[in-house]
Amino acid sequence: MPLASYCTLGVGGPARFFLEARDEATVRDALDWARRRGLAFRVLGGGSNLVVADEGVDALVVKLALRGIAEREVEGGVELTVAAGEPWDDLVRHAVERGWQGLECLSGIPGLVGATPIQNVGAYGQDVSQTIVAVRVLDTRDGAGLTLGNAECRFGYRDSRFRGEEPGRFVVLAVTYRLHPGGAPTVRYADVEKHLAARALTAPSLADVREAVLAIRRSKSMVIDPDDENRRSCGSFFMNPIVPPAVAARLGALAGDSAMPRWSERDGRIKLSAAWLIERAGFRRGQREGPVGISTRHALAIVAHDGARARDVVAFARLVQDAVAERFGIRLTPEPVFWGVTHARAS
Ligand SMILES: Cc1cc2nc3c(=O)[nH]c(=O)nc-3n(C[C@H](O)[C@H](O)[C@H](O)COP(=O)(O)OP(=O)(O)OC[C@H]3O[C@@H](n4cnc5c(N)ncnc54)[C@H](O)[C@@H]3O)c2cc1C
């Protein structure tokens, strides 16, 4: 069975071996089996951040379907230990319904809980590094189980030890998040502020913020909707570049636009909008090259249409990268993980 059917982008060939694991013992046995045969071992979640090569992957691919949520009260909060196979947005809804602050801005992101530490999933002013206290993993090097604290995960912007430093080494089995009962929602993004202000919500609840985030995401095709022409994507295909202030100033001057979007990072660097750079490099929403193109609602999403293959997606992504590099001297870094694809960032 092609992995395309397990990925939101809907491209990609088969795995040499494939297994769905509903309990941890099955994951351990599968890892042992692969290790004994010297086979690569890969973990699949919801397939929403993945580009799989048309040729498929020479590996044992294990789809994680571990379920379960354990809750415990701790001083000043509640800790939820959540199995890797729980759908992420169900967890966010669960937390919001109970009045637990910490995940509300992360509403509507596809995929499973186990993937959230991998790229430190984030949106609208929150990321999971702000709430994760521990990640329970299996080390594929020796099969040992261990629990890593927040600092040991070495989270960064769309990055962590699991992704940048040691890709593929750890299988995430469960994640523990600390949330804040009765806490006020995070409202940090202009889009969210505007949406709430338009509804005269001056003291928004967690549910109001969740609704606002879902509405904004829907307007950008950033939730999965089977009836949406932009549904086959990985969300944002490129990360927002973070550059020294002098580079940001140079690019602003180059674009001749003092209103170039930019956000100051804590370390003094400046985060730029990859979507803005893409549009200024000459691409427009809805533009297509054969079966692949840019979302009609968001310049940062590459969308696969009928007949698209992984190689079409990769070729189109390169076209975008080359155009932005030529115009602004910055090479955009892809956000999805590539399996079996020769590309800038593979795992
Ligand atoms: C419409 C849309 C909107 C999106 N919006 C956002 C957004 O706002 N913010 C954001 O950060 N991301 C966003 N994404 C990207 C994606 O949803 C997230 O990165 C999500 O966490 C991926 O989860 P998944 O279960 O689908 O992972 P997969 O795509 O299955 O896997 C991604 C990577 O993580 C690894 N992995 C998955 N599970 C585990 C595990 N248990 N242990 C070890 N490794 C694992 C895989 O091996 C692979 O390398 C969006 C995607 C789409 C399609």
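A short tour of the structure in this document, coming up. Because the structure is predicted, anything quoted here is derived from the model rather than measured.

Around the ligand, the structure places 34 residues, and the nearest of them are Val 43, Gly 45, Gly 46, Ser 48 and Arg 217. With respect to the ligand, the backbone of Pro 110 contributes an N or O atom lying 3.1 Å from an oxygen atom. In the model, a nitrogen atom of the ligand is placed 2.8 Å from a nitrogen or oxygen of the Arg 217 side chain. Within the complex, the protein chains bury 94% of what would otherwise be the 980 Å² of accessible surface of the ligand. Elements with a contribution of two residues or more to the shell around the ligand: strand S2 (40-44), strand S8 (122-123), strand S12 (170-181) and strand S19 (337-339). By residue number, the principal contributor to the shell around the ligand is S12, which donates three residues.

Let's shift gears to the pattern of salt bridges. A full pass over the atoms with the stated rule returns 24 salt bridges. For Arg 169, the salt bridge identified is with Glu 166, shortest N-O distance 2.6 Å. On the basis of relative accessibility, which here comes to 17%, the residue Arg 169 falls in the buried class. On the basis of relative accessibility, which here comes to 14%, the residue Glu 166 falls in the buried class.

A separate point is the packing of aromatic side chains. A full pass over the atoms with the stated rule returns nine aromatic pairs. Consider the rings of Trp 88 and Tyr 177, whose centres lie 5.7 Å apart with planes at 55°: the pair is tilted. Note that Trp 88 is positioned in helix H2 (residues 88-97) and Tyr 177 in strand S12, a separation of 89 residues in sequence. The burial state of Trp 88 is the same as that of Tyr 177; both residues are buried. Joined through ring pairs, the aromatic side chains of Phe 237, Phe 238 and Phe 338 make up one cluster.

Here we take up the packing of H2 against helix H6 (residues 206-219). Interhelical geometry of H2 versus H6 gives an angle of 150° and a closest axis separation of 9 Å. In terms of axis orientation, H2 runs roughly antiparallel to H6. In this structure, H2 contributes Asp 89, Val 92, Arg 93 and Val 96 to the contact, and H6 contributes Leu 206, Ala 207 and Arg 210. Considered class by class, the residues forming the contact of H2 with H6 number four nonpolar, no polar and three charged.

Further remarks concern the side chain of Glu 335. Along the polypeptide, Glu 335 turns up in the loop between helix H9 (310-328) and S19. It is Arg 158 that comes nearest to the buried, bridge-free Glu 335 among opposite-charge side chains, at 4.0 Å. Each residue touching Glu 335, except ones within four places of it in the same chain, is listed here: Asn 49, Gln 119, Arg 158, Arg 163, Ser 236, Phe 237, Phe 238 and Met 239.

Turning to the nonpolar core, a few remarks are in order. If you look at the biggest cluster of nonpolar residues, it comprises 40 residues, and the most contacted ones within it are Val 51, Phe 238 and Ile 278. The element contributing the most residues to this core is H9, with eight residues. Contacts of Phe 238, omitting those with residues within four sequence positions, involve Ala 274, Ile 278, Leu 300, Ile 302, Ala 317, Val 320, Gln 321, Leu 332, Thr 333, Pro 334 and Glu 335. Counting residues in hydrophobic clusters, the runner-up holds 37 residues, among them Leu 91, Cys 105, Phe 162 and Ile 216.

Every buried residue belonging to helix H5 (residues 190-198) is among Val 192, His 195 and Leu 196, and all of these are buried. Relative to the axis of H5, the buried residues are bounded by an arc of 95° and lie together on one face. Across H5 from its buried face, at more than 90 degrees, point the exposed residues Lys 194, Ala 197 and Ala 198. Close packing links the buried residues of H5 with H6. Residue Ala 200 follows H5 closely and has a positive phi angle near 55°.

Tracing the sequence through the fold places Cys 7 in the segment before strand S1 (15-21). Of the residues examined, Cys 7 reaches a relative accessible area of 8% and is grouped as buried. In this structure the C-alpha to C-alpha distance between Cys 7 and Asp 322, which are 315 residues apart in sequence, comes to 26 Å. Not counting the four nearest positions on each side in its chain, Cys 7 is found in contact with Gly 47, Leu 50 and Val 52.

What counts as what
- Residues numbered from 1 in each chain as written.
- Predicted model: local features only at pLDDT ≥ 70, side-chain atom pairs only at ≥ 80, totals over all residues.
- Heavy atoms only, no water.
- Near = heavy atom within 4 Å.
- Polar contact = N/O pair within 3.5 Å; in protein donor to acceptor, adjacent residues only side chain to side chain.
- Areas by Shrake-Rupley, 256 points an atom, 1.4 Å probe, with all protein chains shown as cover.
- Helix = DSSP H or I, 4+ residues; strand = E, 2+ residues; numbered from the N terminus.
- Salt bridge = Lys/Arg side-chain N within 4 Å of Asp/Glu carboxyl O.
- Buried < 20%, exposed > 50% of the residue type's maximum accessible area, 1.4 Å probe, protein only.
- Phe/Tyr/Trp six-rings, centres within 6.5 Å; stacked < 30°, edge-to-face > 60°.
- Axes fitted to C-alpha atoms, helices over the stretch in contact; angles between N-to-C directions.
- Parallel < 35°, antiparallel > 145°, perpendicular 65-115°, else oblique.
- Contact = heavy atoms within 4.5 Å.
- Nonpolar A, V, L, I, M, F, W, Y, C, P; charged D, E, K, R; others polar.
- Lys, Arg positive; Asp, Glu negative; His and termini not counted.
- Core = buried A, V, L, I, M, F, W, Y, C linked by side-chain atoms within 4.5 Å.
- Arc of directions from axis to C-beta.

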